[in-house]
Amino acid sequence: MTAPEVVIRLRGIRNQFGSHVVHEDLDLDVYRGEILGVVGGSGTGKSVLLRTIAGLQRPAAGSVDVLGTDVLNANEDTRQALESRWGVMFQDGALFSSLTVRENVEVPMRGVEGLDPDIRRQLADLKISMVGLTYRAGDNYPSELSGGMRKRAGLARALALDPDIVFLDEPTAGLDPIGAAAFDQLIRGLSHSLGLTVFLVTHDLDTLHATCDRIAVLAERKVLVTGTMTDMLEVDHPWVHEYFHGPRARAAAASEASAKVSQKGT
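As the structure is a computational prediction, the values presented were derived from the model and not from experiment.

Q: Looking at this model, I keep getting lost on the overall build of the protein. Mind explaining?
A: Within the protein, the regular secondary structure consists of 10 helices and 10 strands. Since a compact globule built from 266 residues should have a radius of gyration of about 18 Å, the 19 Å found for the protein is in line with a globular shape. For the protein, the spread of C-alpha atoms along the principal axes amounts to about 55 × 50 × 40 Å. Pairs at least 24 apart in sequence give 66% of the contacts found in the protein among residues at least 6 apart. Carbon and sulfur atoms make up 50% of the accessible area of the protein, which amounts to about 13,200 Å² in all.

Q: For this particular structure, what's the right way to read the nonpolar core?
A: Across soluble globular proteins, nonpolar side chains show a tendency to be buried alongside one another. Judged by nonpolar contacts, the single largest core of 42 residues is most densely connected at Leu-155, Leu-208 and Phe-244. Here this core gets five residues from one element, more than from any other, and that element is helix α6 (residues 177–194). Leave out the neighbours within four places in its chain, and Leu-208 touches Gly-37, Val-39, Thr-202, Ile-215, Met-229, Tyr-243 and Phe-244.

Q: I tried to follow the sheet that holds strand β8 (residues 197–201) on my own but got confused; where do I start?
A: Hydrogen bonding along the main chain pairs the strands of a sheet, whether they run parallel or antiparallel. In space, the six strands of this open sheet follow the order β6-β7-β8-β3-β9-β10, with mixed pairing throughout. Each edge of the sheet is formed by a strand with only one pairing partner; in this case those strands are β6 (86–89) and β10 (222–227). In this sheet, adjacent strand axes meet at a mean angle of 20 degrees when their direction is disregarded. As defined by bridge partners, β6 adjoins strand β7 (residues 165–169) across four bridges and the pair is classed as parallel.

Q: Before we go on, may I ask you to explain the pairing of β8 in this structure?
A: For a regular strand, side chains alternate in direction, first toward one face of the sheet and then toward the other. With five of five residues buried, β8 is to be regarded as a mostly interior element. Residues Thr-197, Phe-199 and Val-201 line one face of β8 and the alternating positions Val-198 and Leu-200 line the opposite face, and both faces are buried. Sheet topology places strand β3 (residues 35–40) next to β8; four bridges connect them, and they run parallel. When the sheet's bridge partners are listed, Gly-37 is paired in β8 with Leu-200. As defined by bridge partners, β7 adjoins β8 across five bridges and the pair is classed as parallel. When the sheet's bridge partners are listed, Val-166 is paired in β8 with Val-198. For the handedness criterion, the β-α-β arrangement of β7, α6 and β8 is classed as right-handed.

Cut-offs applied
- Residues numbered from 1 in each chain as written.
- Predicted model: local features only at pLDDT ≥ 70, side-chain atom pairs only at ≥ 80, totals over all residues.
- Heavy atoms only, no water.
- Helix = DSSP H or I, 4+ residues; strand = E, 2+ residues; numbered from the N terminus.
- Rg over C-alpha atoms; globule rule 2.2 N^0.38 Å.
- Contact = heavy atoms within 4.5 Å.
- Areas by Shrake-Rupley, 256 points an atom, 1.4 Å probe, with all protein chains shown as cover.
- Core = buried A, V, L, I, M, F, W, Y, C linked by side-chain atoms within 4.5 Å.
- Buried < 20%, exposed > 50% of the residue type's maximum accessible area, 1.4 Å probe, protein only.
- Pairing = 2+ DSSP bridges.
- Axes fitted to C-alpha atoms, helices over the stretch in contact; angles between N-to-C directions.
- Right-handed = clockwise from strand over helix to strand, strands pointing away.

Laid out in C-alpha cells, this is it:
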C-alpha cells in the first residue's frame with residue numbers, strides 16, 4: 001500500500017511571544033487530500049499554528065515544509081509562487097468592508113499577471129456560486145450579509161486561485177446549528193470535488209464528526225496525538241478524555257449516527 005503524500009511537514013516548531021512559549025518541539029504531518037481538524041484547549045496555539053504554516057507567524061525554531069518547499073528559507077519569488085497554492089479563511093471571513101463580495105474574491109486574482117478584468121470577474125462569480133451564494137451576493141458589501149454568508153464569501157476568496165491547500169480558522173464559530181451543519185457539508189463536498197487538503201482549526205465537535213478525516217490535538221505545547229475520531233476515544237489523557245467523552249461529545253456522536261441512518265434511508 002502506497003504511503004500517503006505529506007503536503008505539510010512541521011518539525012521541531014517553537015513559537016513564543018516574549019517569555020511565553022506556546023509550542024515547543026512540535027511535529028506534525030498533513031496528508032494530501034485529507035481534512036485535518038486541529039483542536040486543543042484555550043491557549044494551546046491552534047490559530048498560531050495555522051499562521052505559522054501559512055507564513056504569517058515565523059517560529060523561533062523548527063522547519064516548515066509545504067508542498068515540497070522549505071517555507072522559512074525560500075526566496076521571495078518562491079514564497080509568492082507557493083502562497084498562490086494555498087488559501088486562508090479567517091474567522092467571520094475577514095472581508096474588506098469597503099469592497100463588494102465579488103471585489104473581495106477578486107483580490108487574490110489581481111496578482112495574476114495578464115488576467116483580463118472580465119475573466120477575473122467571471123472567475124469570481126464562479127467561486128461565489130461554488131460556495132452556495134447566489135450571483136446577486138457578488139454585488140453586496142460584507143455589512144449587508146449574514147454571518148453565514150460572510151463565511152461563505154471568505155471561503156470563496158480562499159478558493160480564488162484554485163489552491164491545493166485551504167486553511168480554515170474556526171469556520172463554524174458563531175453559526176446556528178443548521179448553518180454550521182450546512183457549512184460542514186460544504187467543506188466536505190468541496191474537499192472531495194476539488195481534491196483539496198484542508199487544515200481546519202475548530203472547537204466544534206459536530207464539525208469533527210461530520211467533516212474531518214483525522215484530528216490533531218494540541219496540548220502540553222505540542223501535537224499530543226493524531227488520529228481518527230475512533231482513535232481519540234482511546235486516548236488516556238485528562239483533557240482529551242473529557243473533550244471526546246463529555247456531554248457535548250456524546251451529543252455530537254449521536255447526531256452523526258442519526259445523520260448516517262437518515263442517509264441510508266434516502
